[in-house]
Amino acid sequence: MEHASTTTTTNAAAEPQTKTTFCRVCHASCPMEVDVVDNRVIAVRGVIDDPLFEGYTCIKGRQIPDQMADPNRIRGPLRRRPDGTFEAVGSPEALDEIAAELRRIIDTYGPRAVASYTGTGGYQNSVAVPAARAFHQGLDSVSFYTSVTIDQPAKGLAGLRLGGWEAGYQNFTDSDVHMAIGYNSMVSSYAPIGGLQGTNPFVVMRRRKAEGMKLIVIDPRRTELAGFADIHLQIRPGEDPTLLAGMIRIVLEEGLQDHEFCERWVDQMDELAAAVEPFTLDVVAERCQLDPDDIVAAARMFAAGPKGTAGTGTGPNMASRSSLTEHLVVVLNTVLGRVNREGDLLENGLLLYPETPLRAQVTAPRSPANGPPSRIRDLRGYRGEMPTAALAEEILTPGEGRVRALIVSGGNPAVAFPDQELTLEALADLELLVVIDYRMTPTAELADYVIAPTLALERADVPHLMDRWFRQPYTNYTEPVVERDGDVLNEWEVFWELASRLGSTLPLPGGSPDMSARPSTDEIIDRSYAGSRMPLDEVRANQRVVHPHLRPVVQAADEGATAKFTPAPDDLMAELATVLTEAPSVFAGADPAEFPFRLVSRRLKHVLNSTGTELPGLARKGTTNPAYMHPDDLVELGLGAGDLVEIRSPRAVVTGVAEPADDVKRGVISMAHSWGGRALTDEKVRDIGTPTSRLVSADAGHDPVTGMVVSSAIPVAVRKAEVPA
Ligand SMILES: Nc1nc2c(c(=O)[nH]1)N[C@H]1C(S)=C(S)[C@@H](COP(=O)(O)OP(=O)(O)OC[C@H]3O[C@@H](n4cnc5c(=O)[nH]c(N)nc54)[C@H](O)[C@@H]3O)O[C@H]1N2
Ligand SMILES: Nc1nc2c(c(=O)[nH]1)N[C@H]1C(S)=C(S)[C@@H](COP(=O)(O)OP(=O)(O)OC[C@H]3O[C@@H](n4cnc5c(=O)[nH]c(N)nc54)[C@H](O)[C@@H]3O)O[C@H]1N2
Ligand code: SF4
Ligand SMILES: [Mo]
């Protein structure tokens, strides 16, 4: 099924053939109707009668025809010549050479020296991550990295230290209140579980508000989502742990917690109360630069519920102390009893993964990071991956286990990884760099080989990321809608071809495929999602339909279930105790007075991180990632719209292009990441944008558990740039 059947028309003015698929530019997986003429996608649009999306798409998805037909698209492998330029090479030859080099590296240094990193471009393909993971298992190499560990890794870990609730926390669809902390679904299509997902977000939010749902938004910017808020707390960036501790204190002091639930399921309530005691309203209000009355009103509104959760996005997860923030959010939800109870129905069907028990009980707390030791800063792997924030140092630090080869699958480390200078040094230090990407990115420019990938509409797929997030039991499968254009490979095929040449296997959840004859993509999908709650055959036959009867039902707790939540673990409470005494330890030794501004990250409507920046229809000329600042701050600094601004952190200096925005809090600069090129200077800033990742430092202020590098709420000094005459 990998190759689409195309209709050959004899008519010169060929009639477009319309097919239904889904968009994979981002995780949201919007269904799409696609018009195809002569194997070319000429138009795409939303599917009006889709029960969840109701025709919704965004500007990024609608540019797919341009992306596929872009004359600069890489349509076959490229090999670096000694002089640094690239030459075209056939994929069998490129794969032979890469495999031989991997063999040499494994024989010389051991399998750990071979690393791969799957970024957002690979992540949208349902089999790219499973194939990369299996490749490492087959080789017995722990060096498996993805963008998840530089995204919001603290989320998956919070429920380990505190304990989890097997049946999960409450749904968005019937919540009475929701608290959104540093995410903006209206632009990003992203929300934590229990929040507003990217399935037609504007319409859904309007409906929920009309039904009486209350919304609290905590964000230094008055975002598109904050425009719907009943209360918007325009917090000073990086102060989320302060505010959350203050809110928990209000809840406990006013006795607003779910007493019955806490009595039965939560330990350490006294320790928790003692730990938040110093977070008095006055202290919190001053630190967060908020009105005390607003904080109390928000805490009471959220506590009144009775249903609904608080959840975070990338903002607070990129800021310092992200594990602590995540912990406090789940503690707040937990003491208010916002969990699914016996007999409740989950909104989502969890169709693509094996069925797991859903009892109304606590899963015992355990240590969060228990994977293989990293060679850097006492970090460890977690959830089967190694921490990407330490990958540059894994490459640069001599000794056993040093990474020597890296396969980048749909990622752009040169601009997306924290600490750009260190990242560039590391990429240049590799003995082999292979990049799977369809365009010449700053990372691909450094590669020994660039492999051209299939694009979304050229491959069979399932919406694996949204599977946990759809508001209903719903799924979608797509065949390829056009045939491959060029000598291009699906990401899984790259890993299969290399494993096959290395005499290794791809042990997927459903077992390794045959390694002597390349299997079909559908076989790889079947093996990657083996044991799924909805069998894959049914998924294929059953697209874009809501299956209300498949909403999982929460079961009773086991008799005598004893595990309890532990909201006050020693290490996190020790960290909490430092919040009021030490400024966020972003850059050790840096004088906060010298860096009075905070630079925060954000998403832009028309690009996905760095994807799309090359398309004229999206990144309109002259529009890169401006430095959005409050107009009064600009006036004070003597800056006008479009002026160049020097932004200095304790680590480095970048140049931005100033843009007034009265939705940004004073003292804050709001800027998107993954811009700029390979140079460590910014002469071309107006054309290629500013790499904010240069401002941060891999080894200062990192999260002790996840290794996350501070990449939002970055302390900076700002002044008008001196422009040479
Ligand atoms: N300062 C700061 N830094 C951040 C963040 C932040 O908020 N602030 N956010 C972090 C987050 S959340 C993330 S996820 C990372 C993102 O980190 P990355 O995923 O490494 O960066 P992207 O720019 O998304 O790179 C995706 C690449 O995939 C390519 N691509 C697109 N489609 C395909 C495809 O079908 N196949 C293949 N093979 N390639 C494709 C694109 O051309 C692009 O080069 O950045 C992180 N860095
Ligand atoms: N259009 C578009 N969509 C995208 C992407 C894109 O680049 N463009 N990227 C995709 C990716 S990789 C991801 S991970 C998701 C992310 O999805 P989101 O998490 O929704 O990302 P953002 O829209 O950047 O929202 C983060 C918000 O946090 C706020 N913020 C920053 N620092 C702080 C802080 O210290 N505290 C608090 N409380 N708030 C803070 C910012 O002002 C911003 O509004 O989006 C995905 N979707
Ligand atoms: S929200 Fe994401 S999946 Fe939907 S159209 Fe936009 S880019 Fe595509
Ligand atoms: Mo992300």
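Reading the values: rules and limits
Residues numbered from 1 in each chain as written. Chains lettered and ligands numbered in written order. Predicted model: local features only at pLDDT ≥ 70, side-chain atom pairs only at ≥ 80, totals over all residues. Heavy atoms only, no water. Near = heavy atom within 4 Å. 1 Å grid on protein atoms, 1.4 Å probe; cavity = no way out; pocket = protein on both sides within 12 Å on 5 of 7 lines; lining within 4 Å. Sits in = over half its atoms within 2 Å of the grid points. Nonpolar A, V, L, I, M, F, W, Y, C, P; charged D, E, K, R; others polar. Polar contact = N/O pair within 3.5 Å; in protein donor to acceptor, adjacent residues only side chain to side chain. Areas by Shrake-Rupley, 256 points an atom, 1.4 Å probe, with all protein chains shown as cover. Domains from an automatic or database assignment. Buried area = accessible area lost by both parts, 1.4 Å probe. Salt bridge = Lys/Arg side-chain N within 4 Å of Asp/Glu carboxyl O. Core = buried A, V, L, I, M, F, W, Y, C linked by side-chain atoms within 4.5 Å. Buried < 20%, exposed > 50% of the residue type's maximum accessible area, 1.4 Å probe, protein only. Contact = heavy atoms within 4.5 Å.

Asker: For this particular structure, what's the right way to read the site of ligand 3?
Answerer: Near ligand 3, the surroundings consist of Cys23, Val25, Cys26, Ala28, Ser29, Cys30, Thr57, Cys58, Lys60, Gly61 and Ser189. When atom positions are compared with the pocket grids, ligand 3 is found to occupy the largest cavity. Considered class by class, the residues forming the shell around ligand 3 number 6 nonpolar, 4 polar and 1 charged.

Asker: Would you mind showing me how to read the site of ligand 2 here?
Answerer: Around ligand 2 sit 34 residues, and of these Ser188, Asp219, Asp240, Val607 and Asn609 come closest. A distance of 2.7 Å is found between a nitrogen atom of ligand 2 and a side-chain nitrogen or oxygen belonging to Asp240. One nitrogen or oxygen atom from the main chain of Thr314 is found 2.8 Å from an oxygen atom belonging to ligand 2. Relative to its unbound accessible surface of 920 Å², ligand 2 loses 96% to contact with the protein. Among the residues forming the shell around ligand 2, the class breakdown is 14 nonpolar, 12 polar and 8 charged. When we break the shell around ligand 2 down by domain, the ones giving at least three residues each are domain 3 (153-343 + 359-364 + 566-570) and domain 4 (585-720).

Asker: Which parts of the structure should I look at to understand the domain arrangement of the chain?
Answerer: The extent of an interface is frequently quoted as the accessible surface area lost upon association of the parts. Each assigned domain of the chain is listed here: domain 1 (6-69), domain 2 (73-143 + 386-453 + 489-520), domain 3 (153-343 + 359-364 + 566-570) and domain 4 (585-720). For domain 1 versus domain 2, the separation of C-alpha centres amounts to 30 Å. Roughly 420 Å² of surface becomes buried between domain 1 and domain 2 when both sides are summed, with 40% attributable to carbon and sulfur atoms. Three residues stand out in domain 1 for area buried against domain 2, namely Arg24, Gln67 and Met68, and they jointly supply 73% of the buried area on that side. The interface formed by domain 1 and domain 2 includes 0 salt bridges. Scanning the region where domain 1 abuts domain 2 turns up 3 residue pairs in polar contact (both at pLDDT 80 or more). Across the side of domain 1 that touches domain 2, the residue classes tally to 4 nonpolar, 2 polar and 1 charged.

Asker: Would you mind showing me how to read the nonpolar core here?
Answerer: Note that soluble globular proteins tend to have their nonpolar side chains buried in a common cluster. Among the nonpolar cores identified, the biggest contains 62 residues, and Trp165, Met179, Leu243 and Leu576 are the most heavily contacted of them. If we skip the residues at most four places from it in the chain, Met179 touches Ile216, Ile218, Met247, Phe302, Thr309, Ala310, Gly311 and Leu332.

Asker: Would you explain the pattern of salt bridges in this entry?
Answerer: One side chain can pair with another of opposite charge once the charged atoms of both are near each other. Under the definition given, this model contains 57 salt bridges. Put simply, Glu493 and Arg484 hold a salt bridge, and the shortest N to O gap is 3.0 Å. Residue classification places Arg484 among the buried residues on the basis of a relative accessible area of 17%. Close ionic contact of Glu594 with Arg648 constitutes a salt bridge, the shortest N to O distance being 3.3 Å.

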